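Here is how the chains run, residue by residue.
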Amino acid sequence: MVKILISIGKIISQISRSLNLGNGSTWPGHIALKINKNFVRDALATSDQRLKTIIVAGTNGKTTTGKLIQAILEKSGNKVFQNEAGANLLNGIASSIMMHSKNGKITSDFAIFEVDENSLPLVLQQITPDYLVLLNLFRDQLDRYGEVNTIAVKWKKAIEQLNNQTILILNADDPQIAFLGKNNKNTKYFGLEDKSIAIKTPQYAADSTYCPNCHYKLTYKTIYFSHLGDWFCPNCSLARGPLAKISSYYPLSGVYNRYNTLAAVLVAKANNVNNETIQQSLKSFSPAFGRQEIIEINGKKVQIFLSKNPTSFNESLRTVKELNGKNLLLVLNDRIPDGRDVSWIWDVDFEEFIEKNINITVSGDRCYDIGLRIKYIEPLIHNTKYIIQENLGKAIKVALNKTPKNDVLYILPTYSAMLEVRKILTGRRIL
Amino acid sequence: MIHNTKYKLTIGWLYPELMSTYGDRGNIIALSKRCEWRGIKVEVKKLDVGFDHKLLAACHLLFMGGAQDRQQEIVSKDLKLKNKDLREMIEDGIPGLYICGAYQFLGKYYKEADETIIPGLDILDLYTENPGENHDRLIGNIVVSLGGVSIPPLRWKNTMVGFENHGGRTYLGKNIKPLGKVIKGFGNNEEDGTEGAIYKNSFGTYLHGPILPKNPHFADYIIKLALEKKYKKTIALSPLDDSLELQAHEVMIKKLK
């Protein structure tokens, strides 16, 4: 049955590609799950014994972390496959299994699946992963995902159902994520230990600053961003757990990418990859599409920082500021992958990150909303001119024209806007 | 831009740490900037859990946003201790904007999906019920007409645009008027076509998060009420260049038609 479904899936995927209906990263899986709702479980059961599965979930950083893990494991000689970025519901996972099967069987050493926050409990009913990497939980698309606490509760229940085969790789700096490892002996924690990159005052968009155990307000010895840091509860004395001792080269800018890197390194170490191989693969790492990806256009450099919720937007702005960026294009869409509600732009700390004399162009479906947000930064950016251009193609042109030669244009788009930006810049379509 | 004038307002921001889930800060930014641009001095007092209830009396305008369930639980305990002060201010006509969870708090009760009844502050004549988990949350863009309701005609628009996202359905009693009529969206309860509530100078609404930046006429109306209440005279606000605000507003109305 699994074999037949996989053959059908491959044919569907080919048809879908040749008719230009997208690249077939969800359709085949969707159909397979309609015929057999346990397709994923069954397909994994018939795979080679050596196959190990790694699930990566969290609001921000899934794609980058998955790609980092893949790069390291491949460098150490493993055959690895991963579901396509963004195709992170059960149907995307099913599709990737179909695409990477030969004669109805998976022959890889590792399968890495990035999983959508809401889908994680469902996916964990189908897959008992060898490693479950949980990165963070931030407010994101309230209209689709609901509240952060609700997701954390669902995750806790789903994790309690797992047997002790699964090793949890958890972010110790995110209180709600760290709490998921309480009473679980198979837990390894990653976190930051570098006061030089800490921030002094809590950010406005911080979510989980209350104890996940007793709901008392947490105290932070160090805050890295949002609610991530070295925390403890003065009431029930729950605290950040002991961190795995790892140090690493960081291939990507931004504090958020340090977490992604540490998570990947921890997974690699748990699989006995030696440190030299890890560091080598990190040094030759190239980012996933839209995640600090650099594109050259007409002799100018464009770097895309996917910015999809307050924390990811804040950290993009902070990183661009650290890179001394002077030319910004902000693109705000309100399609289903972005979330229909754009209220969150008022939670972004533009006031803190936008300095004087910066070129700002804004575009996207909701360009007037983001334009208005910029207007209200005043008087901080008094004298800073911003241009609102509804048409994205024209906006990119305008922003590039304003960017001096040898300077970088930093584009901060929401998810669907990022795909559009890439399509315009590379002439290629993704997803 | 900022001039020294004789006018000054103190805005009391109730529970900024906990009742700020989705862009609620936009309202404080809009109120503050629109005052500053006119030379009206503004002080924003952040009133977080455990604040001294006497601080309320120094405020000329109140704002409170929405929250997640756990946060709402914590706030409701603290708010009970301030019930008397808040009630006196609302009855006295101190202008206030209460969004989503804050709006529900001011009513008689909130009935949760599992039928547990959480008593409200019982300041406004309204109640809220969550019809249960088989019913969808009311989520989406919303357009409201203020026309023919109890606000006098505003400067350039009688519509409001925003986004709503709530499980509870609110029903108004006899002693309270709706803020407006729903043109597109759900509003108070998806049945009677009303949205929000007005009682004296207090406004409750489901248009969550940053309602004021894209509805500057409403922002100005609240500022004007606060100034007039404080200085006990009619005050005309100097006009601002609202072309971008108007465009953001109009684009949404067109998009939703």
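Residues numbered from 1 in each chain as written. Chains lettered and ligands numbered in written order. Predicted model: local features only at pLDDT ≥ 70, side-chain atom pairs only at ≥ 80, totals over all residues. Heavy atoms only, no water.

A. Quick look at the overall build of chain A. Within chain A one finds 16 helices and 16 strands. Computed over C-alpha atoms, the radius of gyration of chain A comes to 22 Å, within 12% of the 22 Å expected from 2.2 N^0.38 for 431 residues, which places it in the range of a compact globule. If one aligns the C-alpha atoms of chain A with their principal axes, the spans along those axes are about 65 × 60 × 40 Å. For chain A, the proportion of contacts with a sequence separation of at least 24, taken over those separated by at least 6, is 72%. Surface accessibility of chain A: about 17,200 Å² in total, with carbon and sulfur atoms responsible for 50%. Side chains of chain A give 53 positive and 38 negative charges; the mean places of these two sets differ by 5 Å. (Helix = DSSP H or I, 4+ residues; strand = E, 2+ residues; numbered from the N terminus. Rg over C-alpha atoms; globule rule 2.2 N^0.38 Å. Contact = heavy atoms within 4.5 Å. Areas by Shrake-Rupley, 256 points an atom, 1.4 Å probe, with all protein chains shown as cover. Lys, Arg positive; Asp, Glu negative; His and termini not counted. Charge placed at Lys NZ, Arg CZ, Asp CG, Glu CD.)

B. The interface of chain A and chain B, seen in detail. Taken together, the contacts link 41 residues of chain A with 40 residues of chain B. In total, chain A and chain B occlude about 3,600 Å² of area from one another, counting both sides; carbon and sulfur atoms represent 54% of this. The tally of links from chain A across to chain B stands at 5 salt bridges. Lys 214 of chain B is the partner of Asp 369 of chain A in a salt bridge, and the nearest nitrogen-oxygen pair spans 2.6 Å. Run the count over chain A and chain B and you get 15 residue pairs in polar contact (both at pLDDT 80 or more). In terms of residue class, the side of chain A that touches chain B is made up of 16 nonpolar, 7 polar and 18 charged. (Buried area = accessible area lost by both parts, 1.4 Å probe. Salt bridge = Lys/Arg side-chain N within 4 Å of Asp/Glu carboxyl O. Polar contact = N/O pair within 3.5 Å; in protein donor to acceptor, adjacent residues only side chain to side chain. Nonpolar A, V, L, I, M, F, W, Y, C, P; charged D, E, K, R; others polar.)

C. How the structure looks around the side chain of Thr 65 of chain A. Within the secondary structure, Thr 65 of chain A is located in helix H4 (residues 62–75). Contacts of Thr 65 of chain A, omitting those with residues within four sequence positions, involve Val 56, Leu 135, Asn 260, Ala 263 and Ala 264 of chain A.

D. Highlighting the pattern of salt bridges. Overall, the coordinates contain 38 salt bridges over all chains when judged by the stated rule. We note a salt bridge from Lys 321 of chain A to Glu 355 of chain A, for which the minimum N-O separation is 3.9 Å. Residue Lys 321 of chain A is located in helix H12 (residues 310–322), and its partner Glu 355 of chain A is located in the loop between helix H13 (350–353) and strand E14 (359–363); the two are separated by 34 residues in the primary sequence. According to the relative accessible area criterion, Glu 355 of chain A is partly exposed, its value standing at 35%. Across the pair Lys 108 of chain B and Asp 122 of chain B runs a salt bridge, and its minimum N-O distance is 3.4 Å. Within this pair, whereas Lys 108 of chain B is found in the loop between helix H4 (101–105) and strand E5 (109–111), its partner Asp 122 of chain B is found in the loop between strand E6 (117–119) and strand E7 (126–129), the two being separated by 14 residues in sequence. Its relative accessible area of 38% is what places Asp 122 of chain B among the partly exposed residues. Residues joined by salt bridges that share partners form a network here, namely Lys 375 of chain A together with Arg 34, Arg 38, Asp 220, Asp 242 and Glu 245 of chain B. (Buried < 20%, exposed > 50% of the residue type's maximum accessible area, 1.4 Å probe, protein only.)

E. Spotlight on the domain arrangement of chain A. Residue and element names in this part refer to chain A. Looking at chain A, the domain boundaries give domain 1 (2–283) and domain 2 (291–426). One C-alpha centre belongs to domain 1, the other to domain 2; they are set 27 Å apart. Contacts between the two partners involve 27 residues from domain 1, matched on the other side by 23 residues from domain 2. Taken together, both faces of the contact between domain 1 and domain 2 bury some 1,900 Å²; the carbon and sulfur share is 44%. At the boundary of domain 1 and domain 2, one finds 1 salt bridge. For Arg 139, the salt bridge goes to Asp 347, with nearest N and O atoms at 3.0 Å. If you look at where domain 1 meets domain 2, you find 9 residue pairs in polar contact (both at pLDDT 80 or more). (Domains from an automatic or database assignment.)

F. Expanded view of the environment of Leu 425 of chain A. Residue and element names in this part refer to chain A. As for its position among the elements, Leu 425 is in helix H16 (residues 415–426). The class for Leu 425 is buried, based on a relative accessible area of 11%. In the structure, Leu 425 is positioned 255 residues away from Leu 170 in sequence and 36 Å away in space, judged by C-alpha atoms.

G. How the structure looks around the side chain of Glu 245 of chain B. Mapped onto the fold, Glu 245 of chain B is located in helix H6 (residues 243–256). Its relative accessible area of 0% is what places Glu 245 of chain B among the buried residues. With residues near it in sequence (within four places) discarded, Glu 245 of chain B still touches Leu 372, Lys 375 and Tyr 376 of chain A together with Arg 34, Pro 213, Lys 214 and Pro 216 of chain B.

H. Local environment of the sheet that holds strand E13 (residues 327–331) of chain A. All names here are of chain A. As summarised here, the arrangement of the 6 strands in space is E11-E12-E16-E13-E14-E15, forming an open sheet in which the pairing is mixed. Either end of the sheet is taken by a strand with one partner, and the two such strands are strand E11 (291–297) and strand E15 (386–388). If you compare each strand with its neighbour and ignore which way they point, the axes differ by 20 degrees on average. In this fold helix H14 (residues 367–375) packs onto E13, E14 and E15, with an angle of close to 150 degrees to the strand it touches most, E14. (Pairing = 2+ DSSP bridges. Axes fitted to C-alpha atoms, helices over the stretch in contact; angles between N-to-C directions.)

I. Quick peek at the sheet that holds strand E13 (residues 197–199) of chain B. Residue and element names in this part refer to chain B. On the basis of which strands lie adjacent, the open sheet formed by 6 strands has the order E2-E1-E3-E4-E14-E13 and mixed pairing. The strands lining the two open edges of the sheet, one partner per strand, are strand E2 (41–47) and E13. Strand-to-strand, the axes of this sheet are offset by a mean angle of 15 degrees, without reference to chain direction. In terms of strand pairing, E13 meets strand E14 (residues 202–205) through 3 bridges, oriented antiparallel.

J. Representation of helix H3 (residues 83–92) of chain B within the structure. Residue and element names in this part refer to chain B. Within H3, burial applies to Asn 83, Asp 85, Leu 86, Met 89 and Ile 90. For H3, the buried positions fall inside an angular range of 165 degrees around the axis, keeping them on one side. At the exit of H3 stands Gly 93, carrying a positive phi of roughly 90 degrees. (Arc of directions from axis to C-beta.)

K. View of the packing of H4 of chain A against helix H10 (residues 255–270) of chain A. Residues and elements named next belong to chain A. The geometry of H4 relative to H10 is characterised by a closest axis approach of 9 Å and an angle of 40 degrees between their N-to-C directions. With respect to H10, the element H4 is oriented oblique. The interaxial crossing formed by H4 with H10 has right-handed handedness. In this structure, H4 uses Thr 64, Thr 65, Leu 68, Ile 69 and Ile 72 to contact H10, whose residues at the interface are Asn 257, Asn 260, Thr 261, Ala 263, Ala 264, Val 265, Val 267 and Ala 268. (Parallel < 35°, antiparallel > 145°, perpendicular 65-115°, else oblique. Left-handed = near helix turned anticlockwise from the far one by under 90°.)

L. Quick peek at the pairing of strand E1 (residues 52–57) of chain A. Residue and element names in this part refer to chain A. Of all 6 residues in E1, 5 are buried, a share of seventy percent or more. By the bridge criterion, 6 bridges tie E1 to strand E5 (residues 110–115) in an arrangement that is parallel. Across the sheet, the residue bridging to Thr 53 is Ala 111, located in E5. Where E1 lies against strand E6 (residues 131–134), 4 bridges are found, and the strand directions are parallel.

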